[in-house]
Every structure is written in C-alpha cells, then in structure tokens.
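Letter by letter, the chains look like this.
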Amino acid sequence: MFRHPNFLIGALLTGILCLAALVSLVWTPHAFDTMSIAERMQGPSAAHWLGTDQFGRDIATRLMVGARNSISVGVVAVGIGLAVGAPLGMYAAARGGWVDDLVARGADVVFAFPAIVSAILITAILGPGAVNAIIAIGIFNIPVFARVARGASLQVWGMEYARAGLAIGKTGFGVTRDHVLPNISSVLIVQATIQFAVAILAEAALAYLGLGTQPPAPSWGRMLFDAQTLMTIDPKLAILPGLAIALAVLGLNLLGDGLRDILDPRLRPERLG
Amino acid sequence: MFAFLARRLLVLLATLFVASLAIFVVLEILPGDPALLILGIEAQDDTLAALRAQMGLDRPAPVRYLTWIGGLLSGTSGISHTYSVPVFELIGERLAVTAPLAVLALLLSTAVAIPLGMFAATRRGRPGDYGVMGFSQIGMAIPNFWFAILSILVFAVALGWFPAAGFPGWEAGVGIALWALVLPAVSLALPEAAILARVTRSSVLETLGAEYVRTARAKGLDERRVLWGHVLRNALIPMTTILGLQFAFLLAGSIVVENVFALPGLGRLIFQAVSQRDLVVVRDVVLLLVAVVVVVNFLVDVAYAAIDPRARRAG
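Here the structure is a predicted model, which means the values were calculated and not measured. (Residues numbered from 1 in each chain as written. Chains lettered and ligands numbered in written order. Predicted model: local features only at pLDDT ≥ 70, side-chain atom pairs only at ≥ 80, totals over all residues. Heavy atoms only, no water.)

Enquirer: In this structure, what is going on with the confidence of the model for chain A? I would like to understand it.
Expert: Note: predicted coordinates in regions of low pLDDT should not be interpreted at a detailed level. Across chain A, the average pLDDT comes to 85, with 96% of residues at or above 70. Across chain A, element-level confidence peaks in helix α2 (residues 59-95) of chain A with a mean pLDDT of 91 and bottoms out in helix α4 (residues 115-126) of chain A with 83. (pLDDT = per-residue confidence, 0-100. Helix = DSSP H or I, 4+ residues; strand = E, 2+ residues; numbered from the N terminus.)

So this is what it looks like as structure tokens:
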C-alpha cells in the first residue's frame, strides 16, 4: 500500500476532510452564525485560528461546517447516482436487446446536456437550496453510473463463467448478483470516488451562483461569492474557502486514482462534466 | 462509409429530437407564470389573459412545441420578453463573446497541455513526469471560478494589467476586447489543460510502444522527428475526442466564469434568462448547447471512421 503515494496522500486529505466534518457535529471553535461586527475581518489569532469574516464570524468554524455540507452533498448525490444508475446499467446489460439500447441512448441524450445547464434547470424547477442542489447533482450522476455499470457488466457477460451460470439454470438476476456485481464493484467504487469530487465542485459552483446552500448556512462556494466584493480589503476571505474546495477535490481524485491502481490497474474512470 | 454516415446522422437527429422534447417538458413544469412575472402580482386578470394569449401561452402544449420547432426550422425565432429582441439576434450578440472565449481557452489549453503531456510521457517514472502529473492533479482540483477570482485579485486589482470585469465590446478594437478575455480564458483553460495533459501522456505512452515507432528509430530518424512526426500524429487520434468534448463543454462551462467576470456571454444569458423565466430564450440557448455537443460528437465519430475503417462497424 505504501507503494501508492496517490492513495496515501488522497486518503490523508480525505481523512482530514471527514474528520473536520465529524468534529463539527459535536464541537466547533465558535458558533458558525455568531456575528460580532467589532471583530470583523480580523487576521488569525488564538481566538480565531483563521480570522473572521465580514460579519465577524469565525472562518475556521465556517470552513468546518462547510466541510460537513460538502460531504453530505457528495454522499447523497453519489448515493442517488449509484442507487438508481448502477442497477439500471446492470439490468440493461443483463437484458440486452432494446432495453439495453434504450438505456445506452438515454444516457447519450442526458450527456448531451452540459451538467451545469441541467443543474440550473433542475434548481429552477425545485427552487434554490442545499437539498435541491444535491438532487440536481444526484440526477446528473444517474447516467454516469448507468453507463459505467453497463459497460463493465457487458464485459463480465462476455466471460464464460457468466454464460456457464445461465447454463446451470441461474436467472439473469442470479448471474448479475453472483458474478456481475462482485466483478464490477471495484469499477463502481473508483467511479464513486471521482463523482464525489465532481459533486463537491458542482455544489460549490451552484452555491456560488446562488442556487445552492442559502445563507447563513456555510457553504464553501457561497463563501467565495460573498468574498468577491470584499477580497480587495481582505484577500483571505477569497483564498481560504477555495483552498478548502481544492484540497478536498484533490484528496478525493488522488484517492480514486490510488484505489484504481490498487484494485485494478487496467481501469480508466470516466471524467465528465 | 455511406451506411455509417446515414446511421450516425439518424442518431444525431433522434438525439436532437428527444433533447428538444425534454427541454420543452422541463420548461412546462418550471414553476412561475412568465406573463405574471412580466406584469407583476397585482396584474388584472384580463390583462394577464391578454398577455398570455399574445405570448401564445393559452394554446395547448403540442401546438406550442410544434410552433417552436417549426420556427427554428424556418429560421424565425421568438421574441425575448426581457430584452424585446428576437432570440436569434440575442444569441448572436452573446456568441460574439462566448465563442471567441471558448476558442481562446481551447487554444491555450492545447498549447500548454500537449507539450506537457509529451514531456511527461518521454520521462515516464522520472521527476519530470511526477511534476507534470502533480500539476495536472492540482489543475483538476482548482475550481475554475476560484482561479478566476484569484486572478482578478492578482492581475487586475494588485498589478492592474487586465480589466477586473466586463467586456468593452468588439467596437472598442480587437486588441482591447481580446485583452478583456485573457483572464477568463485562462481560468476556463486550466482544468481542461490538466485533463488534456493526462490524456496526452497516456495516449503518447501507448503509441511509444508501437512497432512503427521502433522502425522510425531503427532507420535513424532523430528523436524529435520520431516524437512530433510519428508519435504525436498517431496519439492525436484519441485526443480529438477529448478536444471535441472540451470545446462543447467550454461553451457551457463559461456560465460560472462569465458570472465572475460579468461578461455578457451566452452563459450569463442562460443563467439570467432562467431566473427571469424568459423561457423563449432558455429553450433556444439550451438546445443550441445540446446541438453543439451532439454535432461535435458526430464530427469526431465521422473523422474517426474516415481515418480508421474499423470504427465504422461500431456505432
């Protein structure tokens, strides 16, 4: 495992991200929405490790709660994609024929819509907000997982042991459960890690556009939006939240690449959106 | 080849048809009555009804769908209610900002990524390779709008080399207008360059092992001619797919970056049109973006098939 520096650095950064989010559930240096105009835009100090924002709120606290926000977005959005997309892809591969064509062409049509455009349209229907942004990103993840699961399953179905499963009387579902799923799970795990990173970037972009998490709840993307008018007075407001996003995404991408190297060196996850 | 072209063309048209239906249905369920948004919530019922009739909102959905598609096919567009100009005119104006922006970003990303990717591939497993791949990982992790904000802070505010926001228009002179697009283009290009460098590296690595590369070396060609003449040319084939996709996504990816720089481009147009429920604009712009993606994919497939007859069978 130590021969995979990607995996190590990725796991470390992802670990820090998760730890910050978990700790924020039980303890934060300050309350994330306590305003104190007298203490606005201070530099780092013992009381405020990373300083304060334009309302005197503690930035370290807001970044920690923002990590929680990013992680919940990633977990739910990837969860939606996996739960709906992966079975769809496996079903298509098992059934073949017109069902398979329908799923494959359907995914093509969805992919023709740039992700950010679909997300804007979906949040326009559902209304802006954290939950709706998550749903929008999750819906985009469905065809990603459907396509990946379908491609990998088709490969397994081409193997003799899958055919042999049918020959000894197993149903399409049985072969999928006993042979296809175990063989494609590493593909799905690697893709899930990459999509987690994509989801964090997408949520930050939506929050920046005002369509995601609404204030005063902290979101890294929204913090960047708020910083834009103030950054000439206090650059750290624009630097810190972006650094948090970049490190989280870097960690997850490296973790995904590392997992791929460890689980199956031949894999190439799709990078879209 | 003819059968292949016909089949791919059919898929292209079917995709566009399904996409246009999807756009129409999505905009149907979009909450908010455009007529009510124009007139305000205190509007009288009869004025509201009159405006709805004038906008064609009182007709049944299938009729409105066919009117829209018929209009597109005959080259006439609806009128945007927020800008009071034909949508095609509006799109043309905005494309004059977004298209050069996307092209500039694509040129930048290609110019940086291909040499970097080749450099990394020829130094596989050595520090140069790790350096380039590390840079690529960082480039993929940096959100383009954060990079945009930081570049404004450094190059516009602190150094004063570039305008911080806005677009002077092409009337101000090509140089001045292009200058205003440099920072947005660099922001857009960064993540694309990071991905392209990775693809170039793996594509070149695959080609380096090919027999004809060994032959080229064996017949005494110098390494530079081998790399640029034989390896890159063959490695370019899989890379065109990525380049094609990147151009299509750069058009859409500009939504966020155009908002950072307050550029009057297509991305900002669609974002504002959605929030103002200017649905006539939304449906045309979304369909245009989808069409670009689909047509670019089609062209890439056709180019593949022209180069490699084996690609004609799949698809």
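After presenting the structure, the write-up continues.
Enquirer: Would you take a moment to explain the domain arrangement of chain B for this structure?
Expert: Often the size quoted for an interface is simply the accessible area lost on bringing the parts together. Residues and elements named next belong to chain B. For chain B, the assigned domains are domain 1 (32-76) and domain 2 (87-314). Put simply, the middle of domain 1 and the middle of domain 2, counted by C-alpha atoms, are 38 Å apart. Taken together, the 7 residues of domain 1 in the interface contact 6 residues of domain 2. Summing both sides of the interface, domain 1 and domain 2 together bury roughly 640 Å²; the carbon and sulfur share of this comes to 75%. Counting the contacts that link domain 1 with domain 2 gives 0 salt bridges. Joining domain 1 to domain 2, the criterion identifies 1 residue pair in polar contact (both at pLDDT 80 or more). Going through the elements one at a time, α2 (34-39) and α4 (61-74) are the ones with two or more residues in the side of domain 1 that touches domain 2. Looking at side-chain class alone, the side of domain 1 that touches domain 2 contains 4 nonpolar, 3 polar and no charged residues. (Domains from an automatic or database assignment. Contact = heavy atoms within 4.5 Å. Buried area = accessible area lost by both parts, 1.4 Å probe. Salt bridge = Lys/Arg side-chain N within 4 Å of Asp/Glu carboxyl O. Polar contact = N/O pair within 3.5 Å; in protein donor to acceptor, adjacent residues only side chain to side chain. Nonpolar A, V, L, I, M, F, W, Y, C, P; charged D, E, K, R; others polar.)

Enquirer: Please clarify how the packing of aromatic side chains should be interpreted in this entry.
Expert: The geometry of two aromatic rings is summed up by the distance between their centres and the angle between their planes. The tally for this structure, following the rule as stated, stands at 8 aromatic pairs over all chains. With a centroid separation of 6.1 Å and 75 degrees between ring planes, the pair formed by Y65 of chain B and W68 of chain B is classed as edge-to-face. Here Y65 of chain B and its partner W68 of chain B are both found in helix α4, 3 residues apart, which amounts to about one turn of the helix. We note that Y65 of chain B, like W68 of chain B, is buried. Both rings, one in F155 of chain B and one in W161 of chain B, keep their centres 6.0 Å apart while their planes meet at 35 degrees; by these two values the pair is tilted. The partly exposed category is assigned to F155 of chain B, whose relative accessible area is 31%. By way of ring pairs, the aromatic residues Y208 and F225 of chain A together with F145 of chain B are connected into one cluster. (Phe/Tyr/Trp six-rings, centres within 6.5 Å; stacked < 30°, edge-to-face > 60°. Buried < 20%, exposed > 50% of the residue type's maximum accessible area, 1.4 Å probe, protein only.)

Enquirer: How should I be thinking about the interface of chain A and chain B in this particular structure?
Expert: Each partner contributes to the interface: chain A provides 38 residues, whereas chain B provides 43 residues. Of the roughly 3500 Å² buried at the junction of chain A and chain B (both faces included), carbon and sulfur atoms supply 81%. At the junction of chain A with chain B, the criterion picks out 1 salt bridge. For the interface between chain A and chain B, the tally reads 5 residue pairs in polar contact (both at pLDDT 80 or more).

Enquirer: Explain the pattern of salt bridges to me, please; I cannot follow it from the model alone.
Expert: When charged atoms on two side chains of opposite charge get close, those side chains can pair. Residues and elements named next belong to chain B. Enumeration over the complete set of coordinates arrives at 15 salt bridges over all chains. The shortest N-O distance in the salt bridge between D301 and R8 comes to 2.8 Å. Residue D301 is found in helix α12 (residues 279-307), and its partner R8 is found in helix α1 (residues 2-29); the two are separated by 293 residues along the sequence. Judged by its relative accessible area of 30%, D301 is partly exposed. Between D129 and R201 there is a salt bridge, and its shortest N-O distance comes to 2.8 Å. Taken together, the residues span a long stretch of sequence, with D129 in helix α6 (residues 127-141) and R201 in helix α8 (residues 174-208) at a distance of 72 residues. The buried category is assigned to D129, whose relative accessible area is 2%.

Enquirer: Sorry, what's going on with the confidence of the model for chain B here?
Expert: Looking at chain B as a whole, its pLDDT mean stands at 85, while 99% of the residues score no less than 70. Interface confidence in the predicted complex, given as ipTM, is 0.86; pTM for the same model is 0.86.

Enquirer: Please explain the side chain of N132 of chain A as it appears in this structure.
Expert: Residues and elements named next belong to chain A. If you trace the backbone, N132 turns up in helix α5 (residues 130-157). For N132, a relative accessible area of 16% puts it in the buried group. When near neighbours in sequence (up to four residues on either side) are disregarded, N132 contacts T123, L126 and G127.

Enquirer: What is the right way to read the packing of helix α11 (residues 266-275) of chain B against α12 of chain B from this model?
Expert: For any two helices packed against each other, the geometry comes down to the angle between their axes and how far apart the axes lie. All names here are of chain B. Packing of α11 against α12 brings their axes to within 9 Å, and their N-to-C directions diverge by 140 degrees. Considered as vectors, α11 and α12 are oriented oblique to each other. For the pair α11 and α12, the crossing hand works out as left-handed. Here α11 contributes L266, L269, I270, A273 and V274 to the contact with α12, which in turn contributes V281, V282, V285, V286, L288 and L289. Of the residues belonging to the contact of α11 with α12, the class tally is 11 nonpolar, no polar and no charged. (Axes fitted to C-alpha atoms, helices over the stretch in contact; angles between N-to-C directions. Parallel < 35°, antiparallel > 145°, perpendicular 65-115°, else oblique. Left-handed = near helix turned anticlockwise from the far one by under 90°.)

Enquirer: Quick question: what am I supposed to make of a nonpolar patch on the surface here?
Expert: Residues and elements named next belong to chain A. Together, L19, L22, V23, L25, V26, W27 and W49 make up a nonpolar patch on the protein surface, roughly 770 Å² of accessible area in all. Secondary-structure assignment places W27 in the loop between α1 (5-26) and α2. Judged by relative accessible area, W27 falls into the partly exposed class, the value being 44%. (Patch = residues over 30% accessible without salt bridge, like charges linked within 9 Å, V, L, I, M, F, W, Y side chains within 5 Å. Areas by Shrake-Rupley, 256 points an atom, 1.4 Å probe, with all protein chains shown as cover.)

Enquirer: Just checking my understanding: could you explain the nonpolar core for this structure?
Expert: If you look at soluble globular proteins, the nonpolar side chains tend to sit buried side by side. Of all hydrophobic cores here, the largest spans 142 residues; its most connected members are I116, V117, L209 and W220 of chain A together with V286 of chain B. With 17 residues, the single largest contributor to this core is α12 of chain B. Beyond its immediate sequence surroundings of up to four residues, V117 of chain A is in contact with A252, I255, I270, V286 and L289 of chain B. Residues I114, L205, L221 and V231 of chain B belong to the second largest nonpolar core, which totals 17 residues. (Core = buried A, V, L, I, M, F, W, Y, C linked by side-chain atoms within 4.5 Å.)

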